[in-house]
Amino acid sequence: QGKYGDSIRILEGLQAAAPAAVQPMTTLVNTLVRAQKLDEAVSFLRTVLTTNPANAEAHVLLGSVQLLKNVPDQAVQSFRTAIERQPKDMVGYSALAEFYVRNKNLDEAERVIRASLQEQPDSFAMHLTYASVLEQKGDYEAAIAEYEILLKQDPGSLIAANNLASLLSDQHTDKASLERAYSLAAILRKSQIPNFKDTLGWIEYLRGDYKSATGLLEEAAAALPNQAWVQYHLGMSYVATGQIGKASEQFKKALALAPDSSLQEKI
């Protein structure tokens, strides 16, 4: 059994004692996957589904293992079965939408998300996924509207505040939108998440507070060395503070990371 043997036996015992419990089932499947026992994971999940064919979590777990086994068509069918068996449970919609997003099929992802919101109109997670898909499609005004909905549901959501502030500062040039972005970004100040520092730093740059912007953007760029836009933002703050040599280095980094993007024209 190797190093996972004892863990697998214990988890099998827990799962047998509470066959309807999600956590032991999920942990057992994850342990089997780490042990590279994909066929055993599939067999176990099929046994669970024989007992309870309406177990949406088991269908989704089966789909995730099928993806690892490189049978995506089977995985999609497992995700769709989860939706069919439990149309009010968001787990199947979420897995299927994520699959389509990873495969750049944003139109299909949007269809799945819209179907989920018909069943659960107030699902924060699905609205968040929907906003992200709209953003990736370039439908920025619709994405902004979704983030506004999310902030009404949860005014303290850092991710919704960050994403809305970022979109407002990137897509709108009027002073009112920039000030709204700045007020939204205020709740990000205590966060150590680098993406949030980039958003706040870029808004500080747009408002003309270049010293504050540079400090925040240096921290963000150091933590996110592979994100071209973050490197570009820091380069712009260096230009604004007269550090042309440093700016040139940042722009070179940004172009190396995204040679064929809209950044090229900006730089």
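What you see as residue numbers is a count from 1 along each chain, following the sequence as written. Only residues with pLDDT of at least 70 get local features here, since the model is predicted, and only at 80 or more are side-chain atom pairs given and counted; chain-wide, interface and lining totals rely on the full set of residues. As a convention, hydrogens and water are excluded, and side-chain values are obtained from all of the structure's heavy atoms.

Q: Even after reading the chapter, I still don't get the packing of helix 4 (residues 56-68) against helix 6 (residues 90-102), so can you show me in this structure?
A: For any two helices packed against each other, the geometry is given by the interaxial angle and the distance between the axes. Relative to each other, helix 4 and helix 6 sit at 20°, their axes nearing to 9 Å. By the angle between their axes, helix 4 is roughly parallel relative to helix 6. Crossing of helix 4 over helix 6 shows left-handed handedness. Contacts from Ala56, Glu57, Val60 and Leu67 of helix 4 reach helix 6 at Val91, Gly92, Ala95, Phe99 and Arg102. All residues other than Ala, Val, Leu, Ile, Met, Phe, Trp, Tyr, Cys, Pro, Asp, Glu, Lys and Arg, Gly among them, are scored as polar; the first ten of these are nonpolar and the last four charged. Considering only residue class, the contact of helix 4 with helix 6 consists of six nonpolar, one polar and two charged. Axis lines are fitted through C-alpha atoms, for helices just across the contact stretch, and the angle between N-to-C directions can take any value from 0 to 180 degrees. Helix and strand definitions follow DSSP, with helices as H or I runs of at least four residues and strands as E runs of at least two, each counted in order from the N terminus. Note on terminology: angles under 35 degrees are roughly parallel, angles over 145 are roughly antiparallel, angles of 65 to 115 are roughly perpendicular, and the others are oblique. Crossings are classed by handedness, with left-handed meaning an anticlockwise turn of the near helix from the far one by less than a right angle and right-handed meaning a clockwise turn. Any two residues having at least one pair of non-hydrogen atoms within 4.5 Å are treated as being in contact.

Q: Where do I start with the confidence of the model for the protein in this structure?
A: As a general rule, the predicted coordinates of low-pLDDT regions are not to be interpreted in detail. The score called pLDDT rates the predictor's confidence residue by residue, from a low of 0 to a high of 100. Of the residues in the protein, 92% have a pLDDT of 70 or more, and the chain-wide mean is 91. Scored below 50 in pLDDT, residues 5-18 makes 17 contacts in the model with residues more than four places away or belonging to other chains.

Q: Just checking my understanding: could you explain the pattern of salt bridges for this structure?
A: When their charged atoms lie close together, side chains carrying opposite charge are able to pair. The working definition used for a salt bridge is a side-chain nitrogen of Lys or Arg within 4 Å of a carboxyl oxygen of Asp or Glu. The final tally for this structure, using the stated rule, is 13 salt bridges. Of the charged contacts in the structure, one is a salt bridge between Glu119 and Lys88, with a shortest N-O distance of 3.1 Å. One end of the pair, Glu119, is in helix 7 (residues 106-119); the other, Lys88, is in the loop between helix 5 (72-85) and helix 6, with 31 residues separating them in the sequence. Buried means the residue's accessible area, taken with a 1.4 Å probe over protein chains only, is under 20% of the maximum for its type, while exposed means over 50%, and partly exposed covers the values in between. According to the relative accessible area criterion, Glu119 is partly exposed, its value standing at 26%.

Q: Help me out: how do you make sense of the layout of surface pockets in this one?
A: A water-sized probe, rolled over the atoms, reveals where empty space remains. Definitions used for this entry: grid spacing 1 Å over protein atoms alone; cavity, a set of points where a 1.4 Å probe fits but cannot get out; pocket, an open set with protein on both sides within 12 Å along at least 5 of 7 lines; lining residue, one with an atom within 4 Å of a point. Grid points are joined across faces, edges and corners, and a volume is the space filled by probe spheres set on the points. Approximately 750 Å³ is the volume attributed to the largest pocket. Every residue lining the largest pocket is counted, 24 residues in all, and those nearest its centre are Glu135, Ser166, Asp170, Trp229 and His233. Put simply, the parts of the chain that give the lining of the largest pocket at least two residues each are helix 10 (158-171), helix 12 (194-206) and helix 14 (228-240). Looking at the lining of the largest pocket, the element that brings in the most residues is helix 10, giving seven residues. If you go around the second largest pocket, the residues you meet are Leu128, Ser132, Glu135, Gln136, Tyr147, Ile159 and Asn163. Of all elements in the fold, only helix 8 (124-136) and helix 10 reach the threshold of two or more residues within the lining of the second largest pocket. The element best represented in the lining of the second largest pocket is helix 8, accounting for four residues. Of the residues assigned to the lining of the second largest pocket, the class counts are three nonpolar, three polar and one charged.

Q: Is there a simple way to explain unusual backbone geometry in this structure?
A: Backbone geometry follows two general trends: most residues other than glycine have a negative phi, and most peptide bonds adopt the trans configuration. At Gln36, a position not held by glycine, the phi torsion is positive, near 60°. Positive phi, close to 65°, is recorded for Asn70, a residue that is not glycine. When its relative accessible area of 64% is taken as the criterion, Asn70 is described as exposed.

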